[in-house]
Amino acid sequence: MHYYQVDGGGLGLSLSYNSTTWIAVSLIIAVGCWKSASSRIIRWNNVDLALLLVFIVLLIPLLWSESPWRETTYDRYLGIAAFLLVVFVHRQFALTDGQKQVLWAIIAGAALIQGVIGVIQFIIPEYFHFVKSGRPVGTLLQANVYASFLATGLAVSLHQIFANNLSQRFKYLHYAVVFVCVFVEYLVRSRTGMLGALFVTLFMFFLYRTQGKKIRALTLLMLAAVATAMAIAAIPQLLSPNGAATYKRENISSAGARSIIYPLSLDIIKEAPLIGHGLGKFSTVYMDKQSTFFAENPSLIKYSIWLNHPHNELLLWGIEAGLLIVLLLMVFVAWLCWQIWRKGSLPNKSVWVCMLPIALHTQTELPFYISAPHLILFAVLLAESAPGKVYSIAN
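This is a predicted model, so every value here is computed, not measured.

Student: Where do I start with the layout of surface pockets in this structure?
Tutor: In this approach the atoms are scanned with a rolling probe the size of a water molecule, which exposes any empty space left behind. Space inside the second largest pocket adds up to approximately 690 Å³. If you trace the second largest pocket, you find 25 residues lining it, with V25, I28, L103, I106 and I376 closest to the centre. Going through the elements one at a time, α1 (16-39), α3 (74-93), α4 (97-123) and α16 (372-385) are the ones with two or more residues in the lining of the second largest pocket. Sort the elements by how many residues they give to the lining of the second largest pocket and α1 lands first, with seven residues. Split by residue class, the lining of the second largest pocket holds 20 nonpolar, five polar and no charged.

As C-alpha cells, this is what we get:
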C-alpha cells in the first residue's frame, strides 16, 4: 500500500497502490484457502454466516434493476465478495495470541510508515505533485482517506497498549504510532480523521478506565504530539505573514457540497422509497435532480458537481436499492454491536472500537471504493471483533 506511481486517478484498480495491495492480498487468500484445504478443516462463526446472508440479500436488487446500469455495479459486488473472502480466510488461519501481536504490529507499522511519509510531505510539499495546500496525504492521495487510516492505526496501537503485555520492541512501536498518528492528524486537519481519532481515544480510555497509569501516559503523549504539530504548523505562517504560506486549514464549520448532496439524495429516496431507482442509476437520477435544484437556486451553483456516489454508503443503497435494503444493513449492524457488547470479551470490544474511524468515514465519503487497504483492514477488524464460538467442519 506504500507504493505510488503516476496514474489517472479514479477509484479501485485505477489507483496504483490498490493494484499492489490486491496482489499481496490475493496471495494471502490463496495461502489461507490452501491451508484450509490441506488440513480439511473449515472454520466459521455466527457472524460469518450473517455476513453471507446479508450478501445474498444484497444481490436481490439485481433482479429488478435495468440494463445497462445494473452491469456497472458488478465491480461493487466483487468488492463485497472479496471482503467476505478476507473475513473467511482470516478465520482459517486461527492465529495464536503471539501471532495476533505480530499482525497488529504490522498494521501499526503501516500506519507509522504512512505517518512518516506525511511528515516528509508537510516539510517539503514541492517534491510531491499530488500534495495540495500543504496537507499531507501519504500514498493514499486523498486527505480524508489518509486521515481515517491513521486514526485506525492509532486505535490498533491503543488496543495493543491496553490489552496485552507487549514485548519491548512492540511496546516502543505502538507508543511511536500513537505520537506520530496524532501529530499528523493535526497537520492533515481532516474532520473525519479528527473525529475518528477522538472517538477511539475516548472509547479506549473508557474501556480500560482501570488502567489509570497508561491513560495518563498516553494523554501526555498525545498532548505533546498536538503541541509539536501546532508549533510546526505555525512555522509557515510565521515565515509568510502576508498569507503566502501554502499550508491552509480546512474550514471545520463548513459542510461544503454535502449540504446540497445529502438533502437532494433524501429527496431522491422519497421518489422510490421501497425498491429504489435501480442499481447503478445514482449518477443519472442525481444529476437530473441537481439540475432542477440549481435552476431554482442559481446562487448555489458553485456546489455543482458530477457525482457517482453520494458520499454516504447508506444513502447510495437507499437511492439504488430502496429503504428495505438500508433497513437490512442497519439491523445487521445493530445485531453485530449487540453481539459484541453483550457477549464479547474486552478485546472484542476494543477491536470494535478500532472499526469506528472507517465506519464513520463510510458515512461521509467512499473509502472502500478509493482504498483497498481500508477494505482489507476493516475485514480483518470485523473478523477479530466477532465474538462467540468458532465452529469447524473436519474431513
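From this point on, the discussion continues.
Student: What should I look at first to understand the packing of α3 against α16 in this one?
Tutor: Helix-helix packing is characterised by the crossing angle of the two axes and by the distance between the axes. Where α3 contacts α16, the two axes come as close as 9 Å, and the packing angle between them is 45°. With respect to α16, the element α3 is oriented oblique. Taken as a pair, α3 and α16 cross one another with a handedness that is right-handed. Counted together, G79, F83, V86, V87, H90 and R91 of α3 and L375, I376, F378, A379, V380, L382, A383 and E384 of α16 form the full contact between these two elements. Grouping the constituent residues of the contact of α3 with α16 by class yields ten nonpolar, two polar and two charged.

Student: Would you explain the side chain of S371 in this entry?
Tutor: Considering the arrangement of structural elements, one finds S371 in the loop between α15 (367-370) and α16. Engagement of the side chain of S371 in a polar contact is seen with the side chain of H374, the distance being 2.7 Å. Setting aside residues no more than four positions away along its own chain, S371 makes contact with Y17, N18, L140 and V145.

Student: Just to check I follow, could you spell out the environment of L141 for this structure?
Tutor: For L141, the location among the structural elements is in the loop between α4 and α5 (143-163). Take L141: its relative accessible area is 24%, and that puts it in the partly exposed class. Each C-alpha atom, one on L141 and one on L63, is 36 Å from the other, the two residues being 78 residues apart in sequence.

Student: I'm lost on the nonpolar core in this one. Help?
Tutor: When a protein is soluble and globular, its nonpolar side chains tend to lie buried together. Formed by 95 residues in total, the largest nonpolar core has its most connected members in L58, Y77, F83, L154, W317 and L381. The element that contributes the greatest number of residues to this core is α5, accounting for 13 residues.

Student: Would you take a moment to explain the packing of aromatic side chains for this structure?
Tutor: The relative placement of two aromatic rings is captured by the distance of their centres and the angle of their planes. What the rule picks out here adds up to eleven aromatic pairs. Judged by centre distance (5.9 Å) and plane angle (80°), the ring pair of F203 and W352 falls under edge-to-face. With F203 in helix α7 (residues 191-207) and W352 in helix α13 (residues 346-354), this pair connects stretches of sequence that are 149 residues apart. Take F203: its relative accessible area is 31%, and that puts it in the partly exposed class. Residue classification places W352 among the buried residues on the basis of a relative accessible area of 14%. Linked through ring pairs, F83, F368 and F378 together constitute an aromatic cluster.

Student: Even after reading the chapter, I still don't get the packing of α1 against α3, so can you show me in this structure?
Tutor: Where α1 meets α3, the closest approach of the two axes is 9 Å, and the angle between their N-to-C directions is 50°. Here α3 runs oblique to α1, going by the angle between their axes. Two packed elements cross with a definite hand, and for α1 against α3 that hand is left-handed. Where α1 approaches α3, its residues W22, V25, I28, I29, V31, G32, C33, K35 and S36 are matched on the opposing element by A82, L85, V86, V89, Q92 and F93. Of the residues assigned to the contact of α1 with α3, the class counts are eleven nonpolar, three polar and one charged.

Reading the values: the criteria
Residues numbered from 1 in each chain as written. Predicted model: local features only at pLDDT ≥ 70, side-chain atom pairs only at ≥ 80, totals over all residues. Heavy atoms only, no water. 1 Å grid on protein atoms, 1.4 Å probe; cavity = no way out; pocket = protein on both sides within 12 Å on 5 of 7 lines; lining within 4 Å. Points joined across faces, edges and corners; volume = space filled by probe spheres on them. Helix = DSSP H or I, 4+ residues; strand = E, 2+ residues; numbered from the N terminus. Nonpolar A, V, L, I, M, F, W, Y, C, P; charged D, E, K, R; others polar. Axes fitted to C-alpha atoms, helices over the stretch in contact; angles between N-to-C directions. Parallel < 35°, antiparallel > 145°, perpendicular 65-115°, else oblique. Left-handed = near helix turned anticlockwise from the far one by under 90°. Contact = heavy atoms within 4.5 Å. Polar contact = N/O pair within 3.5 Å; in protein donor to acceptor, adjacent residues only side chain to side chain. Buried < 20%, exposed > 50% of the residue type's maximum accessible area, 1.4 Å probe, protein only. Core = buried A, V, L, I, M, F, W, Y, C linked by side-chain atoms within 4.5 Å. Phe/Tyr/Trp six-rings, centres within 6.5 Å; stacked < 30°, edge-to-face > 60°.

Keep in mind these numbers describe shape, not what the thing actually does.
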